[in-house]
Protein chains: 2
Amino acid sequence: MATINEHFLKLPANYLFSEIRKRVRDFRTNHPEAHIISLGIGDVTQPLAPAVVAAMKRAVEEMSKQETFHGYGPWEGYNFLREAIIKRDFNPRGVELDLDEVFISDGSKCDLANLQEVFGPDNVVAVADPVFPVYVDTNVMAGRTGERRENGQYEGIIYMPCTPGNDFTPELPGTHADLVYLCYPNNPTGAVATKEALETWINHAREHRSIILFDAAYAAYIADPAIPQSIYEIEGAKEVAVEFRSFSKSAGFTGIRCAYTVVPKDLQAYHGDGSPVAVNPLWFRRQSTKFNSVSYITQRGAAAALGNEGWKQCQQTIATYMRSADRLCKAFTNLGYTVYGGTDAPYIWMETPDGQSSWDFFHWLLDKAHVVCTPGSGFGAAGEGFVRLSAFATPANVDGVLERIEELAR
Amino acid sequence: MATINEHFLKLPANYLFSEIRKRVRDFRTNHPEAHIISLGIGDVTQPLAPAVVAAMKRAVEEMSKQETFHGYGPWEGYNFLREAIIKRDFNPRGVELDLDEVFISDGSKCDLANLQEVFGPDNVVAVADPVFPVYVDTNVMAGRTGERRENGQYEGIIYMPCTPGNDFTPELPGTHADLVYLCYPNNPTGAVATKEALETWINHAREHRSIILFDAAYAAYIADPAIPQSIYEIEGAKEVAVEFRSFSKSAGFTGIRCAYTVVPKDLQAYHGDGSPVAVNPLWFRRQSTKFNSVSYITQRGAAAALGNEGWKQCQQTIATYMRSADRLCKAFTNLGYTVYGGTDAPYIWMETPDGQSSWDFFHWLLDKAHVVCTPGSGFGAAGEGFVRLSAFATPANVDGVLERIEELAR
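This report concerns the structure included in the present document.

Rules behind the numbers
Residues numbered from 1 in each chain as written. Chains lettered and ligands numbered in written order. Predicted model: local features only at pLDDT ≥ 70, side-chain atom pairs only at ≥ 80, totals over all residues. Heavy atoms only, no water. Helix = DSSP H or I, 4+ residues; strand = E, 2+ residues; numbered from the N terminus. Buried < 20%, exposed > 50% of the residue type's maximum accessible area, 1.4 Å probe, protein only. Contact = heavy atoms within 4.5 Å. Lys, Arg positive; Asp, Glu negative; His and termini not counted. Charge placed at Lys NZ, Arg CZ, Asp CG, Glu CD. 1 Å grid on protein atoms, 1.4 Å probe; cavity = no way out; pocket = protein on both sides within 12 Å on 5 of 7 lines; lining within 4 Å. Points joined across faces, edges and corners; volume = space filled by probe spheres on them. Nonpolar A, V, L, I, M, F, W, Y, C, P; charged D, E, K, R; others polar. Phe/Tyr/Trp six-rings, centres within 6.5 Å; stacked < 30°, edge-to-face > 60°. Salt bridge = Lys/Arg side-chain N within 4 Å of Asp/Glu carboxyl O. Least-squares fit on C-alpha atoms with pLDDT ≥ 70 in both. Pairing = 2+ DSSP bridges. Axes fitted to C-alpha atoms, helices over the stretch in contact; angles between N-to-C directions.

## Some thoughts on the overall build of chain A
When you go through chain A residue by residue, the secondary structure sums to 11 helices and 15 strands. A principal-axis box enclosing the C-alpha atoms of chain A has dimensions of 60 × 55 × 55 Å. Expressed as a percentage of its 410 residues, the buried residues of chain A come to 62%. Taking the intrachain contacts of chain A between residues at least 6 apart in sequence as the baseline, contacts between residues at least 24 apart amount to 72%. Between the averaged position of the 37 positive side-chain charges in chain A and that of its 50 negative side-chain charges there is a distance of 6 Å.

Structure below.
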């Protein structure tokens, strides 16, 4: 008799964003005339950079001729892309990496979901609250938690609240944690971490021999030059941290799928008896067995996004989104709302008015303004009473949102 | 202290094909002048079909304009592709499927590796021997096996030998199995399964409430019209079987990455107490949480490969490979070798001469003819004394192989 993985049943049936999609679909059925604008799921709207488009067309053309056709690529990604990544994203920040420390993949979500597989079942996981749901859900599936509580939290996970009270900077976990997920710039709060804050985390991890899973998918949105873009700007980080980066938001690749994960060769986990094991070869074994890399065409596009021309074009797109973030922040602030984030991240974390619940405000905004946001409670118990607004809408749709909310306030 | 998943250490350090790659690289270092021809890894060499190239270029163009840009696609894949799949691959064989039974992915290897996650740790796994290594390795990682024995087999796995003695048709597992991996057309032996053989498997699974994981990645190579292309041509299969299909070999997508998996809504697994659970929603939950679908450009290309024009072009490419298979079979047979497969599959399973070990023959062939094959022992204990030859080489390279082996025999 084939039995199921019972841990799956601890999860609510729907992933947060499929739940939102369902509720929006229901609304659309009842209001077919409504022009709905989404500030919900963090999905980009601006077209690919011209340099990326040109590179991908060339790559498609290569695939059309036997002499230049590419079959299976290296499991870990093409060196042309890994080199471009190190040169563009790390060397300018004073970070040196070897090629075989960079693993190309089809998404940071996937890598963040899959990396936990190389760790044992008894590791204690710590996450910020609110948090991107994938960190927790994948550890639930893997059996690293107990049951789900009424507030949506799981037994056995350490939640580190991030609130206006602590400036959205979680305190070090009081209970001992083995795997610590950090996300900066933060999704959903839009907060960033100073060099000093990250140093505290690295020192804590070295002391406790824990590992930091550092989600830097939004690094390209950091405007403040004093804020680290990579965890490896912190001394000693290579021994205790994995970093996740994505082309989804930096180059508009949400529908193209390309990301990368840095697993330094110095990074160590441990046997039960405390003797060290390098994580890099375990991840290579996982990826070469369960994954088969990313389309050659996609990798050519990603490399072009890191080239001089493509990079400049992507920076312009990022500036467009950040202008939208600024406009949304100002408009909601003027209307009396309290907002956070939106300066070094494409997300705005907004308090709901009058103590409304996140889902109540979600429905109110959808009903009154036909605008979709993401309920903060979907990101964790400490997100209750907040919503996340994404700045990735088109400028025209941001105009629409501003008109509607100003109209509503009259 | 972050501890590792100790099950990973049961695996040898290298996946079979990375081991071959390493040995070929060593040979190349010592023989820089050698022109090496690979009949090893099953990688296609013919360019993409013109209809696919055109569709992908159009899709890249769409991504270059805001009005036609595509961000995140549906987790389960675009309906235009799922519809094309059902219409081309199933309806003509008398099989009806609902759209939400078809899940698009970036590779059958990935799906075959990942699907086991929705099942409990105590399921007993049965595989053919020889077998595509991913089925076993991923269950080792998940802790469903004991230690590795000297012959490469793992404690706790049921191995079903496939030999010339049983016509490469495994007998039903004597011990009770919960998850049974079957692959037809078979990688590596090139064998196919008759309708009667598959009926026996389906009846056995229904009786034992086990689940068949049916890898049909090479279905497009079946020439004999009496051989089922889909497991769902067998009555009752929807209750007990998942089917994996790929564009890798049918449309030359090894470097593009697109596949799909059919999880029927009637398919059931069980709680420990024997009550049934539908597998389809569990797989949707897994995919929507840990995966983010496939490039829009890739999905447009895959749909074009199923369109009338693209499909005809792909059939011509398949015919090219099958002519190579036929030529290789005849040439080696003429030289006194015993070969199997190669008529309804792109693989030839060849006995090594004079009882040589698989790796000895691998090195002999590389050394003498500069030709790479895949050692049969890499696919399992019952593969010892065989090698797999792939018919995916270019016709010019097949010419080269034939010249060299005929020269050697003189």
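## Overview of the environment of Cys329 of chain A
All names here are of chain A. Within the secondary structure, Cys329 is located in helix α9 (residues 308-334). The buried category is assigned to Cys329, whose relative accessible area is 11%. Between the C-alpha atoms of Cys329 and Ile256, which are 73 residues apart in sequence, the distance is 29 Å.

## What to know about unusual backbone geometry
Leaving glycine out, the prevailing phi sign among residues is negative, and the prevailing peptide bond configuration is trans. Between Asp129 of chain A and Pro130 of chain A the backbone carries a cis peptide bond, its omega angle lying at 10°. When you line up the elements, Pro130 of chain A lands in the loop between β3 (125-129) and α5 (133-141). Of note, the bond from Asn187 of chain B into Pro188 of chain B is cis; its omega dihedral lies within 30 degrees of zero at 15°. In this structure, Pro188 of chain B sits in the loop between β5 (179-183) and α6 (195-208). With a phi angle near 60°, Phe168 of chain A is a residue other than glycine that sits in the positive phi range. Tracing the sequence through the fold places Phe168 of chain A in the loop between β4 (158-161) and β5 (179-183). Judged by its relative accessible area of 6%, Phe168 of chain A falls in the buried class. For Ser293 of chain B, which is not glycine, the phi torsion reads 70° and is therefore positive. Here Ser293 of chain B is to be found in the loop between α7 (279-290) and α8 (296-306). The exposure class of Ser293 of chain B is buried, given its relative accessible area of 3%.

## Digging into empty space enclosed by the protein
According to the stated counting rule, one finds 10 cavities of 30 Å³ or more in the structure shown. A volume near 140 Å³ is recorded for the largest cavity. Taken together, 18 residues line the largest cavity, and the ones lying closest to its centre are Asn114 and Phe291 of chain A together with Asp106, Asn114 and Phe291 of chain B. Mapped onto the lining of the largest cavity, the elements with two or more residues apiece are α4 (108-114) and α7 (280-290) of chain A together with α4 (108-114) and α7 of chain B. Of the residues assigned to the lining of the largest cavity, the class counts are 4 nonpolar, 6 polar and 8 charged. By volume, the second largest cavity amounts to about 110 Å³. Lining the second largest cavity are 14 residues, and of these Asp106 and Arg257 of chain A together with Asp106, Val294 and Ser295 of chain B sit closest to its centre. Per-class residue counts for the lining of the second largest cavity are 4 nonpolar, 6 polar and 4 charged.

## A look at the packing of aromatic side chains
We describe a pair of aromatic rings using the distance from one ring centre to the other and the angle between the two ring planes. Residues and elements named next belong to chain A. The final tally for this structure, using the stated rule, is 44 aromatic pairs over all chains. Plain terms: the ring middles of Phe90 and Tyr260 are 6.2 Å apart, the flat faces sit at 70° to each other, and that makes the pair edge-to-face. Of this pair, Phe90 sits in helix α3 (residues 79-90) while Tyr260 sits in strand β8 (residues 259-262); the two residues are 170 residues apart in sequence, bridging distant segments of the chain. Relative to Tyr347, the ring of Tyr218 has its centre 5.1 Å away and its plane inclined at 70°; by these criteria the two rings are edge-to-face.

## With respect to the pattern of salt bridges
Proximity of charged atoms lets side chains of opposite charge pair with each other. Under the criterion given, the structure shown has 38 salt bridges over all chains. The residue Glu76 of chain A makes a salt bridge to Arg21 of chain B at a minimum N-O spacing of 4.0 Å. Remark: Arg21 of chain B occurs in helix α1 (residues 16-30) and Glu76 of chain A occurs in the loop between α2 (50-62) and α3; the pair is interchain, linking two chains. On the basis of relative accessible area, Arg21 of chain B is assigned to the partly exposed category, the value being 29%. Between Glu239 of chain B and Arg206 of chain B there is a salt bridge, with its nearest N and O atoms 3.1 Å apart. Placement of Glu239 of chain B in the loop between β6 (211-215) and β7 (241-246) and of Arg206 of chain B in helix α6 is noted, with a sequence separation of 33 residues between them. For Glu239 of chain B, a relative accessible area of 38% gives the class partly exposed. One network of salt bridges, in which partners are shared, links Glu117, Arg286 and Lys290 of chain A together with Glu117, Arg286 and Lys290 of chain B.

## Focus: the relation of the copies chain B and chain A
Placing chain B over chain A gives an RMSD of 0.0 Å and needs a rotation angle of 180°, together with 0.0 Å of translation along the axis. The operation mapping one copy onto its partner corresponds to a two-fold rotation axis. Minimal C-alpha separation from the rotation axis in chain B is found for Lys57 of chain B, amounting to 3.0 Å. When the interface residues of chain B are mapped onto chain A, 100% of them again fall at the interface, so both copies present the same face.

## Regarding the side chain of Ser108 of chain B
All names here are of chain B. Checked against the element boundaries, Ser108 lands in helix α4. Taking the relative accessible area as the measure of exposure, Ser108 reaches 7% and is therefore buried. Residues in contact with Ser108, not counting those within four places in the same chain, are Phe244, Arg245, Ser246 and Ala259.

## Considerations on the sheet that holds β8 of chain A
Residue and element names in this part refer to chain A. The 7 strands are arranged β2-β8-β7-β6-β5-β3-β4 in an open sheet whose pairing can be described as mixed. The strands lining the two open edges of the sheet, one partner per strand, are β2 (102-105) and β4. Sheet twist, expressed as the average angle between the axes of neighbouring strands with direction ignored, equals 20°. Judged from the 5 bridges that link them, β5 and strand β6 (residues 211-215) form a sheet pairing that is parallel. Within the sheet, the bridge partner assigned to Cys183 lies in β6 and is Asp215. Lying over the sheet, helix α6 (residues 195-208) contacts β4, β5, β6 and β7 (241-246), oriented at roughly 145° with respect to β6.

## Remarks on the pairing of β6 of chain B
Residue and element names in this part refer to chain B. Burial analysis of β6 places 5 of its 5 residues in the buried class, which makes it a mostly covered element. Taking every second residue as pointing to the same face, both faces of β6 are buried, with Ile211, Leu213 and Asp215 on one and Ile212 and Phe214 on the other. Summarising the sheet, β6 and β7 pair through 4 bridges and their orientation is parallel. Looking across to β7, one finds that Phe214 is bridged to Glu243.

So yeah, pure geometry; function would need other evidence.
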